[in-house]
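# Chain and residue survey
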Amino acid sequence: MNSLQRLAASAAVLTFALSGTAAAKDWKVAFFASSGQNGFNQAVYEGVEKKAKELGNIETAIYDGQFDAARQYSQIEDVLAGGQFDAFIVVPNDTVGIAGAVEQVGAAGKPLATTLFPIGPDLSKLEPQVPGVTATVASPPADGARAQAEDVVEFCAERDPCKVVIMIGQRIYPFDNLRYEAYRAVLDKHANIKVVATGEGNYDPDKSLSVMQDILQANNDIDVVLSNADQHLIGVEIALEAAGKSVADLYLSGGGAASVAIEAIREGRWDVTLAHFPVSMGEYALDTVVKVLEGKDAPTVINMDEVGPVPALIDAAVLEKHPDFKGEWAQ
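In this text the structure is predicted, and so the values were computed from the model without any measurement. Each chain carries its own residue numbering, running from 1 in the direction its sequence is written. With the structure being a predicted model, the display of local features is reserved for residues of pLDDT at least 70 and the display and counting of side-chain atom pairs for 80 or more, all residues being used for whole-chain, interface and lining totals. Where side-chain values are given, they derive from all heavy atoms of the structure, hydrogens and water being excluded.

## Let's talk about the overall build of the chain
Counting from the N terminus, the helices are the DSSP runs of H or I reaching at least four residues and the strands are the DSSP runs of E reaching at least two. Helix and strand content of the chain: twelve helices and twelve strands. Overall, the chain is about 95 × 40 × 30 Å in size when its C-alpha atoms are taken along their principal axes. For the chain, contacts bridging at least 24 residues in sequence account for 70% of all contacts bridging at least 6. We get accessible surface area from the Shrake-Rupley algorithm with a probe of 1.4 Å; when it comes to residues, only the shown protein chains can shield them. Total accessible area computed for the chain in this model is approximately 14700 Å², and 50% of it derives from carbon and sulfur atoms. Note on charges: Lys and Arg go in the positive column, Asp and Glu in the negative column, and His and the chain ends are not counted at all. All charge positions are set by atom: Lys at NZ, Arg at CZ, Asp at CG, Glu at CD. Side-chain charges in the chain split into 25 positive and 46 negative, and the spacing between the mean points of these groups amounts to 4 Å. Note on contacts: a residue pair qualifies if any of its non-hydrogen atoms lie within 4.5 Å across the two residues.

## Details of the sheet that holds strand β6 (residues 162-168)
We call two strands paired when DSSP finds no fewer than two bridges between them. Spatially, six strands are ordered β7-β6-β8-β9-β10-β12 in an open sheet, and the strand pairing comes out mixed. One side of each edge strand has no neighbouring strand; the edge strands of this open sheet are β7 (193-200) and β12 (313-314). Strand direction decides the pairing type here: β6 and β7, joined by seven bridges, are parallel. Residue pairing for β7: M167 is matched across the bridge by G199. Angles shown run from 0 to 180 degrees and are taken between the N-to-C directions of axes, each axis being a line fitted to C-alpha atoms and, for helices, limited to the stretch in contact. Across the face of the sheet, helix α5 (residues 141-156) comes into contact with β6, β7, β8 (224-227), β9 (251-256), β10 (272-275) and β12 while running at roughly 170° to β8.

## Comments concerning the pairing of strand β3 (residues 87-90)
Buried means the residue's accessible area, taken with a 1.4 Å probe over protein chains only, is under 20% of the maximum for its type, while exposed means over 50%, and partly exposed covers the values in between. Side chains A87 and I89 of β3 all project onto a buried face; the interleaved residues F88 and V90 project onto the opposite face, where all are buried too. The pairing of strand β1 (residues 27-33) with β3 spans four bridges and is classified as parallel. Note that in β3 the partner of F31 across the bridge is I89. Alignment of β3 against strand β4 (residues 112-116), held across three bridges, turns out to be parallel. Note that in β4 the partner of F88 across the bridge is L112. Handedness of the crossover is the feature at issue here: the chain leaves β3, passes through helix α4 (residues 99-107), returns alongside β4, and the resulting connection is right-handed. When the strands point away from the viewer, a crossover counts as right-handed if the route from the first strand across the helix to the second turns clockwise.

## As for the side chain of E283
Counting through the fold element by element, E283 comes out in helix α10 (residues 278-293). For E283, a relative accessible area of 16% corresponds to the buried category. Aside from chain neighbours lying at most four places away, what touches E283 is G47, V48, K50 and K51.

## A look at the environment of V310
Assignment of secondary structure puts V310 in the loop between α11 (304-307) and β12. Separated by 126 residues in sequence, V310 and R184 have C-alpha atoms that sit 27 Å apart. Excluding residues within four positions of it along the chain, V310 makes contact with F277, V318, H322 and F325.

## Quick word on the sheet that holds β4
The strand order across the open sheet built from six strands is β2-β1-β3-β4-β5-β11, with neighbouring strands paired in parallel fashion. Either end of the sheet is taken by a strand with one partner, and the two such strands are β2 (58-64) and β11 (301-303). Neighbour-to-neighbour, the strand axes of this sheet turn through a mean angle of 15°, independent of strand direction. As paired strands, strand β5 (residues 135-138) and β11 are joined by three bridges and run parallel to one another. Across the sheet, residue A138 finds its bridge partner in β11, namely N303. Here helix α3 (residues 69-82) sits on the sheet in contact with β1, β2 and β3, set at roughly 165° to β1.

## Quick word on unusual backbone geometry
Backbone torsion omega between D160 and P161 reads 5°, so that peptide bond is classified as cis. Inspection of the secondary structure puts P161 in the loop between α5 and β6. Notably, L116 is not glycine yet its phi reads approximately 75°, a positive angle. Along the chain, L116 falls in strand β4. One non-glycine residue, Y203, adopts positive backbone phi at about 60°. One can find Y203 in the loop between β7 and α7 (205-218).

Okay, here's the thing in structure tokens:
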């Protein structure tokens, strides 16, 4: 090869390298929180930002759904119409009603990952049910609720009656109603277990405190508080203590694996929490939509019960085996 040929070859290599650099694309990803003020949603977004920083070519933005399904639907439509974002991640407020907005995202050819819950009519099915859902990053809600209830059955085995209070978010939410029905399907099979009251805490400690105070006025003698959210148990614990109850003697089951719950279990005040891993969830969701954007293979389902850092049902024995686990969010 003469000098002219070598120069031409070098120029070709340089041109290829520069074009390869130019082809590296920056992506913009919109995150739609069911509520931007909710600690769990904030932790999911923390995971999104963490993975975006790791990947290095991702810009993200958060939209606050304010626990309002209609607002979240409109936000997705408006952001899609604006054309500034390449992919979408959502914590859905209404897992059924949001389908129309999700279908519009799919029709526009943009990937969308749903976190915490599947989107569609069947909340027990993680596989995408609605056109436009690229991936589901969640835990099957009914499976976890059944596991919690079966754990309560074990606690109640030597108690007759065993008086249970259920504290749910809001039964108007399909996912909360599914959890409630899963609780009852297990508990109602046992004659010794009496569900004496059901309260709606709306994922708010103050609301849960007030609701639990009202419940205790009518049901002073209880054995168990079964809840789908650690935020509820924060208020419940205060109400129990104010009523002169020994919290450690009761069985308290929460949900979320918030750091406050992990601490309470280690201290022997609470008994168990059904784990969610919101930071990890956000990381998986962002990684998945970016892989789709880049034309790479990506999973359509990530079951957080299978990929979480600890088992899904966390009690003192689990924490003894995992002394460094502190939970992925505060409350």
